[in-house]
Amino acid sequence: QKKVRCRTSGNKSQITVIGCVSATGQAIPPFVIFDAKSLNMDWRKGEIPGTTYGLSDKGWVDTELFKGWLTDHLLKHAVGARPLLVLLDGHSSHYQPDL
C-alpha cells in the first residue's frame, strides 16, 4: 500500500535563486527568477527587503539575467571596497566576455 507524502496540483514550475554571501558573513538580498511572463505580486509576500526579480521561459538564469544580476544587483549591494572577488560555478550563463 502506497502512502501519500505530498500532494500537488501537478503544475510544475522552476524557480532559481541567486544568493551571495561574503567571507565575513554579510549577505546581499537574493535575485529570484520565476518561469513566467509577468511577476505575480503574491510571490513577493514575505520577501527579503531589496530582493530583485527576473523572469525567463524556464525559470533558469540565462546570460541576460546573469548580466543584470552582476551589473545592477550585485554591484549595488556589494561593499564599496574594490577590487571585488566574485567566485562562480562553471555555468555557461556566467561566461560574459563583454563585461
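Cut-off values and rules
- Residues numbered from 1 in each chain as written.
- Predicted model: local features only at pLDDT ≥ 70, side-chain atom pairs only at ≥ 80, totals over all residues.
- Heavy atoms only, no water.
- Helix = DSSP H or I, 4+ residues; strand = E, 2+ residues; numbered from the N terminus.
- Expected span 1.5 Å × (residues − 1).
- Bend = angle between axes of the 7 residues up to and from the residue.
- Buried < 20%, exposed > 50% of the residue type's maximum accessible area, 1.4 Å probe, protein only.
- Contact = heavy atoms within 4.5 Å.
- Polar contact = N/O pair within 3.5 Å; in protein donor to acceptor, adjacent residues only side chain to side chain.

## Here we look at helix α1 (residues 63-77)
For an α-helix the count is 3.6 residues per turn, leaving residues at separations of three or four pointing the same way.
Right, so step 1: The end-to-end C-alpha distance of α1 is 20 Å, a good match for the 21 Å that 15 residues give at a rise of 1.5 Å each.
Right, so step 2: The axis of α1 is deflected most strongly, by about 35°, at W69.
Right, so step 3: Restricting attention to buried positions, one finds in α1 the residues L65, F66, W69, L70, H73 and L74.
Right, so step 4: Buried residues in α1 make contact with β1 (15-21), β2 (27-35) and β3 (52-56).
Right, so step 5: N-capping of α1 is provided by D62, with a side-chain oxygen placed 3.3 Å from the backbone N of E64.

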